[in-house]
Amino acid sequence: MKRSGASGSDYGWESRFIEMKPAMTGKEAMEESNRCLYCYDAPCIKACPTDINIPSFIKKIATGHLKGSARTIMDANPIGASCARVCPTEELCEGACVLNESSKPIRIGDLQRYATDWARESHEPLFNAAPANGRSVAVVGAGPAGLSAARELGRAGYEVTIYEAKAKGGGLNTYGIVSFRLPEQIPLWEVEQVEALGVQIRYGVRIGIDMAAPELLERHEAVLLACGMGAVPMLGIEGETLEGVYDAIELVESTKQGVPPALHGLNVAVIGAGNTAVDAATCSVRLGAERVQMLYRRGVQQMTAYAFEYTFAKQEGVEFRWFTMPQRILGDENGRVRAVECVRMELVTPPGGGRAMPVAVEGSTFIVECDTVIRAIGQNRLLPLIEAFELKHHGGVVEVEAHTYRTSHPQVYAAGDVIFGQGQGEAMVVSAAQQGKLAAAAIMKSLPGRTVESA
């Protein structure tokens, strides 16, 4: 990612990245937990992808048993502290709460945060590992899916090694979600919980580069591929190499590493309308950008960002330009971005039916003035890594068996973003966690533990 101008720290940007939503007080948590009806056939549990026993953990808060509450949450969801902050609870558990029909739903996400924050701050160990069972499993990637699988395997006595390309664990939660929604210390605590079970994490190891895939397969009896995805792809238009063009993932990561680009007083155009695009846009606002516009070739009904993300972006002052397709990025005499040339789009249903596709309106070219462009149109698939294991895939979406998450290679399983796409699954952190759990269960079934003789 190219950088220009003074460092973002020159204008005190850090204070704008402190977690924006305050935690519940003890009194608030007690009052809210006592509102719960503790439904026997709780729809909130069914709405949770990881099947957290929500009435149970809330009841434990109401009775002052915070360790038990945290254990209930983290037992079902190994990254439950992060999910308390980033899950679309309005659409999941809280959306299913029976109290929606009479008053307002229980603040399940906030109560989940309250209990897991208590566990993190009290340094209470929540789980112990079973005795070693003599089985060895490798996990590629220390993101939500990889950590969840490693936690399950570690608790069951498997010798687990995670191979992580970056310097810290947590994946997207650590590097790719803005700090004012998910502070770094939350996912790093979840990493510590996994390591406490004896799971080894080898940082800075890139499978296929630093270690060959065949070597990994030789060292371990099974491998779980939970590598996520890569950088934001290029737009494929003129002007992308100009000074002032950024990758949305790298932009968010730069704020978490303390070295963001200087956007103070600039006009920013974000291309895309997913959750990462919203993060990039709101990051830009908090880095002092004077104006932030999101350009999307479809309409508001087609945007992939969560509804609460869209609402938040509007509250932050982000502007939306629907049915707008960038054609080229224009630069000044110094090689820096000065504008984006766009064309207006309209949705047209194909003659044979199907999903309406955006089509350019003839003669509708116009200019969006800006100093900075941020690409936020998804992420590249890690094809070299996938192909290093010789796995069947569809455009980088790894093919797996529905219930076992086993790939075309009998020794390799896959979970998380690496199997998301092409109409397969949902790109949610909590979904990745559940896939990691299910993949771990399948591995344990195919590699049952054996008795390990003591020395």
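Residues numbered from 1 in each chain as written. Predicted model: local features only at pLDDT ≥ 70, side-chain atom pairs only at ≥ 80, totals over all residues. Heavy atoms only, no water.

## Brief notes about the pattern of salt bridges
For the record, the criterion: Counted as salt bridges are all cases of a side-chain nitrogen of Lys or Arg within 4 Å of a carboxyl oxygen of Asp or Glu. Numbering goes from the N terminus for both helices and strands, where a helix is a DSSP run of H or I of at least four residues and a strand is a run of E of at least two. For every residue, the accessible area obtained with a 1.4 Å probe (protein chains only) is divided by the maximum for its type, and the residue is called buried under 20%, exposed over 50%, and partly exposed between those limits.
Inspection of every chain in the model, using the stated rule, returns 26 salt bridges. Across the salt bridge formed by Lys 21 and Asp 110, the nearest N and O atoms sit 2.9 Å from each other. Taken together, the residues Lys 21 in the segment before α1 (26–33) and Asp 110 in helix α7 (residues 108–122) connect sequence positions 89 residues apart. Given the relative accessible area of 44%, Lys 21 is considered partly exposed. You can call Asp 110 buried: its relative accessible area is 13%. For Arg 181, the salt bridge identified is with Glu 309, shortest N-O distance 2.8 Å. You can see Arg 181 sitting in the loop between α9 (172–175) and α10 (185–195) and its partner Glu 309 sitting in helix α14 (residues 307–315), a full 128 residues away along the chain. Of the two residues examined, Arg 181 and Glu 309, each falls in the buried class. Through salt bridges with shared partners, a single network forms among Glu 19, Arg 85, Arg 113, Asp 117, Arg 120 and Glu 121.

## So, the environment of Ile 106
To keep things clear, this is the line we draw: Contact criterion: two residues are considered in contact whenever any of their non-hydrogen atoms come within 4.5 Å of each other.
Relative to the helices and strands, Ile 106 is located in the loop between α6 (93–96) and α7. For Ile 106 and Ser 33, which are 73 residues apart along the polypeptide, the C-alpha to C-alpha distance reads 7.7 Å. Sequence-distant contacts of Ile 106, that is, excluding residues within four places in its chain, are made with Glu 32, Arg 35, Cys 36, Ile 58, Glu 94, Cys 97, Leu 99 and Leu 111.

## Details of unusual backbone geometry
Phi at Asp 51 takes a positive value of approximately 60°, unusual for a residue other than glycine. You can see Asp 51 is positioned in the loop between α2 (43–47) and α3 (54–62). Accessibility expressed as a relative area gives 45% for Asp 51, which makes it partly exposed. Despite not being glycine, Glu 390 has its phi angle at roughly 60°, a positive value. Relative to the helices and strands, Glu 390 is located in the loop between α15 (383–388) and β14 (393–394).

## Some remarks on the domain arrangement of the chain
Accessible area lost when the parts come together is the quantity often used to give the size of an interface. Our working definition: These domain limits were set by an automatic method or by a database of domain assignments.
Each domain of the chain was delimited in the assignment, giving domain 1 (22–122), domain 2 (136–230 + 380–446) and domain 3 (245–375). A straight line from the C-alpha centre of domain 1 to that of domain 2 covers 26 Å. Listed as interface residues are 22 residues of domain 1 and, on the opposing side, 21 residues of domain 2. Taken together, the connections running from domain 1 to domain 2 amount to one salt bridge. For Asp 75, the salt bridge goes to Arg 155, with nearest N and O atoms at 2.7 Å. At the level of elements, α4 (66–76), α5 (80–86) and α7 are the ones that each hand at least two residues to the side of domain 1 that touches domain 2. At six residues, the largest contribution of residues to the side of domain 1 that touches domain 2 is made by α5.

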